[in-house]
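# Reading the structure
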2 protein chains.
Amino acid sequence: MSYAPDMATRADGGRQRGGRRPGDSGTREAILTAARAAFAEHGYDRATIRGIAAEAGVDAALVHHFHGTKQQLFARAMQLPLDPDAVITELTAGGPDGIGERIARFFVGLLSDPELAGPIIAMIRSAVGNPDAARMLREFYTAVVIRGIAVRLGLPDGELRASLCGSQIIGLAVARHVLELPALVAAGDEALIAAYGDALQRYLTGPLP
Amino acid sequence: MSYAPDMATRADGGRQRGGRRPGDSGTREAILTAARAAFAEHGYDRATIRGIAAEAGVDAALVHHFHGTKQQLFARAMQLPLDPDAVITELTAGGPDGIGERIARFFVGLLSDPELAGPIIAMIRSAVGNPDAARMLREFYTAVVIRGIAVRLGLPDGELRASLCGSQIIGLAVARHVLELPALVAAGDEALIAAYGDALQRYLTGPLP
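## Topic: the overall build of chain A
From N to C terminus, chain A includes 11 helices and zero strands. Sequence-ordered secondary structure for chain A, helices as α and strands as β, is α-α-α-α-α-α-α-α-α-α-α. By the burial criterion, 55% of the 209 residues in chain A qualify as buried. Intrachain contacts of chain A at a sequence separation of at least 6 include 69% that bridge at least 24 residues.

If you want it as structure tokens, here you go:
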């Protein structure tokens, strides 16, 4: 299965909207530039498609036409190698059974591929170094990833449970791929998937005090 | 119990060694400055007490007299609010039973105290932003914390097990105290200690593939 954004070709539709030609790749880029600035300045929650469209000199419908939903626009603007909503839908489709291993397998694999991991590590680096970037990542991660998992699984205390998972996934990214702790670098992916999968499963479906 | 470095008063012994007066706080500071530079340039493993002493213009015995072991010198140079070896000795003293909760309780509490957490968060920030700082933290964390826990507990695969714990502790620090994920900020310390304690216990003593 592929988690790559599936809208890559939608921008070639060629319909005429707003003040510029939709086929103009400069317009698509202008929207992404405006989106990056808006997310950085206002955070994920308060940035609006309308505001981003105005900044790029197009109408909001063209932003959706080129870049999909707000979370898809964010993923593109940050050059994330995936469509977060599609990933979460796929990972949670099987319900709570085995969800820990599926999430662990996805992230261990994703982070082990330098090309895919690069933009994610870059976003964590920015967030750790800069409060505006931290707010942006916090709001995106909470609104899209954590609440997405919590709502789709329908578990009580779902946001806390998904946040516990989130903290372990961030810790995996930093410890294995930034600090490069030797035992984690040397460990096989399957060993890590088993260990982290068990922990994530318990965070999501085990007892909470 | 207190994890503060217990050598704070040792520097007042007033014995005459090397080329400078031991009571000279300028000498103590010069050693710490030389230590910070050496750890940053050479990493934790390859920095030597002898080299640090030479850089500070004193003999190695005076470095030990003022600042204890290499790991204690590192903790002081980085302004860590604890003596890592003393902490690990205390946490592992009760053996494997309940070790997960003891480690979780220690780190959740430490990180919740802004004054104590500040230098630790600062070290993580530096490491995420800078490869030399990453190497320094990796080597210190591996040599002192991870191997310290692994050796004292005497568990098979101890370094991998302690590194899995390390990744969750780093993830807790980043997710709750840097990104400030709302559900983790809102959660009570006891709830987090229970959830993380269970995961850390399984990383240390549960089955590994």
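Structure shown, so let's carry the discussion forward.
## Some details on the interface of chain A and chain B
Contact with chain A, which involves 40 residues of that partner, is made by 40 residues of chain B. Area buried by chain A at its contact with chain B is led by A:V128, A:R138 and A:L179, which between them contribute 19% of it. Our count for the chain A to chain B interface comes out at two salt bridges. Notably, a salt bridge pairs B:D198 with A:R202, separated by 2.9 Å at the nearest N-O pair. At the boundary of chain A and chain B, one finds 12 residue pairs in polar contact (both at pLDDT 80 or more). If you list the elements that add at least two residues to the side of chain A that touches chain B, you get α7 (114-129), α8 (131-153), α9 (158-177), α10 (182-186) and α11 (189-205) of chain A. The class makeup of the residues in the side of chain A that touches chain B is 28 nonpolar, five polar and seven charged.

## Concerning the relation of the copies chain A and chain B
Screw-axis analysis of chain A against chain B gives a translation of 0.0 Å along the axis, an RMSD of 0.0 Å, and a rotation angle of 180 degrees. These values place the two chain copies in the arrangement generated by a two-fold rotation axis. Among all C-alpha atoms of chain A, that of A:G171 lies closest to the rotation axis, at 1.8 Å.

## Looking at the packing of helix α5 (residues 84-92) of chain A against α8(A)
Residues and elements named next belong to chain A. Look at α5 against α8: their axes get within 10 Å of each other, and the N-to-C directions meet at 25 degrees. Put simply, α5 runs roughly parallel to α8. In this structure, α5 crosses over α8, and the sense of that crossing is right-handed. For the pair α5 and α8, contact is made by P84, D85, I88, T89 and T92 and by F140, V144, V145, G148, I149, R152 and L153, respectively. Considered class by class, the residues forming the contact of α5 with α8 number seven nonpolar, three polar and two charged.

## Quick look at the pattern of salt bridges
Residue and element names in this part refer to chain A. Taken as a whole, this structure holds 12 salt bridges over all chains when the rule is applied. E159 is the salt-bridge partner of R147, the closest N and O atoms lying 3.0 Å from each other. Taken as a pair, R147 in helix α8 and E159 in helix α9 lie far apart in primary sequence, 12 residues in all. Looking at R147, the relative accessible area reads 38%, which means it is partly exposed. If you follow the salt bridges from partner to partner, you end up with E101, R105 and E190 in one network.

## A few points about the state of the cysteines
Two cysteines form a disulfide when their sulfur atoms are joined by a covalent bond. By the definition in use, this model includes zero disulfides over all chains. Residue A:C165 stays outside any disulfide, its sulfur separated by 16 Å from that of B:C165, the closest cysteine. Taking the relative accessible area as the measure of exposure, A:C165 reaches 4% and is therefore buried.

## Notes on the packing of helix α1 (residues 25-46) of chain B against helix α2 (residues 49-56) of chain B
Residue and element names in this part refer to chain B. Two elements in contact, α1 and α2, have axes separated by 8 Å at closest approach and are oriented at 125 degrees. When the axes of α1 and α2 are compared, the pair comes out oblique. As for how α1 packs across α2, the hand of that crossing is right-handed. Between α1 and α2, the residues in contact are A30, I31, A34, A35, A38 and F39 and I52, E55 and A56, respectively. Residue classes in the contact of α1 with α2 are distributed as eight nonpolar, no polar and one charged.

Parameters and conventions
Residues numbered from 1 in each chain as written. Chains lettered and ligands numbered in written order. Predicted model: local features only at pLDDT ≥ 70, side-chain atom pairs only at ≥ 80, totals over all residues. Heavy atoms only, no water. Helix = DSSP H or I, 4+ residues; strand = E, 2+ residues; numbered from the N terminus. Buried < 20%, exposed > 50% of the residue type's maximum accessible area, 1.4 Å probe, protein only. Contact = heavy atoms within 4.5 Å. Buried area = accessible area lost by both parts, 1.4 Å probe. Salt bridge = Lys/Arg side-chain N within 4 Å of Asp/Glu carboxyl O. Polar contact = N/O pair within 3.5 Å; in protein donor to acceptor, adjacent residues only side chain to side chain. Nonpolar A, V, L, I, M, F, W, Y, C, P; charged D, E, K, R; others polar. Least-squares fit on C-alpha atoms with pLDDT ≥ 70 in both. Axes fitted to C-alpha atoms, helices over the stretch in contact; angles between N-to-C directions. Parallel < 35°, antiparallel > 145°, perpendicular 65-115°, else oblique. Left-handed = near helix turned anticlockwise from the far one by under 90°. Disulfide = S-S within 2.5 Å.

Everything listed is a geometric property; what it means functionally is a separate question.
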